[in-house]
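# Structural features, examined
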Amino acid sequence: MIIRLKKDASQKLAKLVIAKIRSFGLTADVSMGKTGIEIIGVLGDTKAIPLSTFSELEGVEDVIRVSREFKLVSREYHPRTRVIRIGDKKLGEKAPVVIAGPCSVEDEQTTLKIAAAVKKAGADAFRGGAYKPRTSPYSYQGPGKKGLEILDLCRKRTGLPIVTEATGTHRHQCPDNSFEKRTVLENVADYADVVQIGTRNMKSYGLLLEVVNRTRKSKTPILLKRGEAATIKEFLLAAEYMVANGNPNVILCLRGIRTFESTKYQRYTSDIAAIQVLKQESNLPVLFDPSHSTGKRGLVEAVALAAVAAGADGLLIECHTTPANALSDGQECVTPKELAQIIRKAAKVKKIVNEL
Ligand code: PEP
Ligand code: MN
């Protein structure tokens, strides 16, 4: 249930509404507008509560029942897109926000070189996996905690905020078969400006809740990737898990879905229309990842621009100074020069779309 207050509603009314909600054993979720409390969401089972309980109060604009299964993340719940700060940039406003970097963190020198190039190309955040979820147990699993320290150094040198993935609540196994002292999530939460949850973990509900537990106070943004075979409803419900449990700063990231398409031509199928579905159904900002969705360097720019034209709030792009030497996903990494061109063109496309 959503209770919208009139523009001139008093604080006293807001307090009364919140007290009434609590008297039913339910939770009030307050959204601030420009002039004070604007919307009060009621969390919990509201079936037995008549709308008139609140609609008859002086100063209440209207009361509606949210019919969707996902509530807090829905546009019905909040008509404006949630703007999420990444460093000093705002995701969900007019300009597209670009997050870029190598698939995995590499040695210190290489990673610093890529970070400097990504910054020069105009990206807004630097991304790299210190922990990598790999399909094969024999593939490179990322450098672990040492990788987080390298990312920290990149942040210090470039000023770019750091986006990196938490692959689980386990302890990372090092190449010499020893285990890191703390869990992957504990380590990532200590370093990341944005915590990424990868496609394979979209339905790891225990991990989603643990990430929220770790970020409830800091409200560190969480970048949630769509499961490669998850429906849009499942995707939004996974986001709802996190928002409902105390971290509203969830970013939806589309990264392609699995279809009958052969990987010879494209790694996944770019779910471009899903951008508009999410924009229409949800109040969360939407990123598109043209790198994993295509898996081919030559397709990245076209799909990135299509995503921006279709309404994406930002892009997540893999970039490497020497893609042929990348430790993972080199085939889909663009060079810094290509990245700069994509960023320039994406800003133009966004501007045209905004003006149409
Ligand atoms: C990644 O972002 O590097 C990654 C592993 O992506 P995904 O979870 O989308 O496969
Ligand atoms: Mn990758």
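Preceding this paragraph is the structure being described.
Source: prediction; values computed, not measured.

## Here's the deal with the overall build of the protein
Across its full length, the protein carries eleven helices and 14 strands. What you see for the protein is a C-alpha radius of gyration of 21 Å, in line with the 21 Å of a compact globule of 356 residues. Along the first, second and third principal axes, the C-alpha atoms of the protein reach 65 × 50 × 40 Å. For the protein, with 356 residues in total, the buried portion stands at 53%. In the protein, 71% of the contacts between residues at least 6 apart in sequence involve partners at least 24 apart. Carbon together with sulfur atoms contributes 53% to the accessible area of the protein, which is approximately 16,400 Å² in total.

## Examining the sheet that holds strand β11 (residues 222-225)
Spatially, the eight strands close up into a barrel ordered β7-β8-β9-β10-β11-β12-β13-β14, and their pairing is parallel. Strand-to-strand twist of the sheet, defined as the mean angle between neighbouring strand axes without regard to direction, takes the value 25°. Of the strand pairs in this sheet, strand β7 (residues 97-101) and strand β14 (residues 314-318) are connected by five bridges, and their pairing is parallel. The residue bridging Gly101 from the neighbouring strand is Glu318, located in β14. Its contacts with the sheet put helix α4 (residues 145-158) on β8 (125-127) and β9 (162-165), and the angle it makes with β9 is roughly 165°.

## Some words on the sheet that holds strand β4 (residues 60-64)
One open sheet holds the four strands; their spatial order is β2-β3-β1-β4, and the pairing between them is antiparallel. Both edges of this open sheet fall to β2 (27-32) and β4, since each of them pairs with a single strand only. The sheet shows a mean angle of 20° between the axes of neighbouring strands, direction not considered. Helix α1 (residues 11-23) contacts β1 (2-5), β2, β3 (37-43) and β4 of the sheet and is inclined by roughly 5° relative to β3.

## Focus: the site of ligand 1
All residues in the neighbourhood of ligand 1 are listed as Cys103, Arg127, Lys132, Gln196, Gly198, Thr199, Arg200, Lys225, Arg255, His292 and Glu318. Contact distances for ligand 1 include 3.3 Å between an oxygen atom and a side-chain N or O atom of Arg200. Expressed as a share of its isolated accessible area of 290 Å², the protein-covered part of ligand 1 is 98%.

## A closer look at the packing of helix α6 (residues 205-215) against helix α7 (residues 232-244)
Describing two packed helices takes the angle between their axes plus the distance from one axis to the other. Following both chains from N to C, one finds α6 and α7 inclined at 35°, their axes separated by 9 Å at the closest point. Of the two possible hands of crossing, α6 and α7 adopt the one that is right-handed. On α7, the residues touching Tyr205, Leu208, Leu209 and Val212 of α6 are Ala238, Tyr241 and Met242. Split into classes, the residues belonging to the contact of α6 with α7 amount to seven nonpolar, no polar and no charged.

About the thresholds
- Per chain, residues are indexed from 1 in the order of the written sequence.
- Working convention: letters from A go to chains and numbers from 1 go to ligands, in the order in which they are written.
- With pLDDT at 70 or above as the cut-off, local features in this predicted model cover only qualifying residues; side-chain atom pairs require 80 or more to be listed or tallied, and sums for whole chains, interfaces and linings still use all residues.
- Side-chain calculation: all heavy atoms of the structure are included, whereas hydrogens and water are not.
- The secondary structure listing takes helices from DSSP runs of H or I that are at least 4 residues long and strands from runs of E that are at least 2 residues long, numbered from the N terminus.
- The reference for a compact globule is 2.2 Å times residues^0.38; the radius of gyration itself is calculated from the C-alpha atoms.
- Residue exposure (1.4 Å probe, protein chains only): buried if accessible area is under 20% of the type maximum, exposed if over 50%, otherwise partly exposed.
- When checking whether two residues touch, look at their non-hydrogen atoms; a contact exists if any pair is within 4.5 Å.
- Note on areas: Shrake-Rupley with a 1.4 Å probe; residue coverage comes only from the protein chains shown.
- Only strands joined by at least two bridges in the DSSP assignment are considered to pair.
- Here, axes are lines fitted to C-alpha atoms. For helices the fit covers the stretch in contact, and angles between N-to-C directions go from 0 to 180 degrees.
- Any residue with a heavy atom positioned within 4 Å of a molecule or strand is treated as near that molecule or strand.
- Under the rule applied, a polar contact is a pair of N or O atoms within 3.5 Å (in protein, one hydrogen donor and one hydrogen acceptor; residues adjacent in sequence only if both atoms are side-chain atoms).
- Put simply, a crossing is left-handed when the front helix is turned counterclockwise from the back one by less than a right angle, and right-handed when it is turned clockwise.
- Following the grouping adopted for this structure description, the nonpolar residues are Ala, Val, Leu, Ile, Met, Phe, Trp, Tyr, Cys and Pro, the charged ones are Asp, Glu, Lys and Arg, and the polar ones are all others, Gly among them.

Everything listed is a geometric property; what it means functionally is a separate question.
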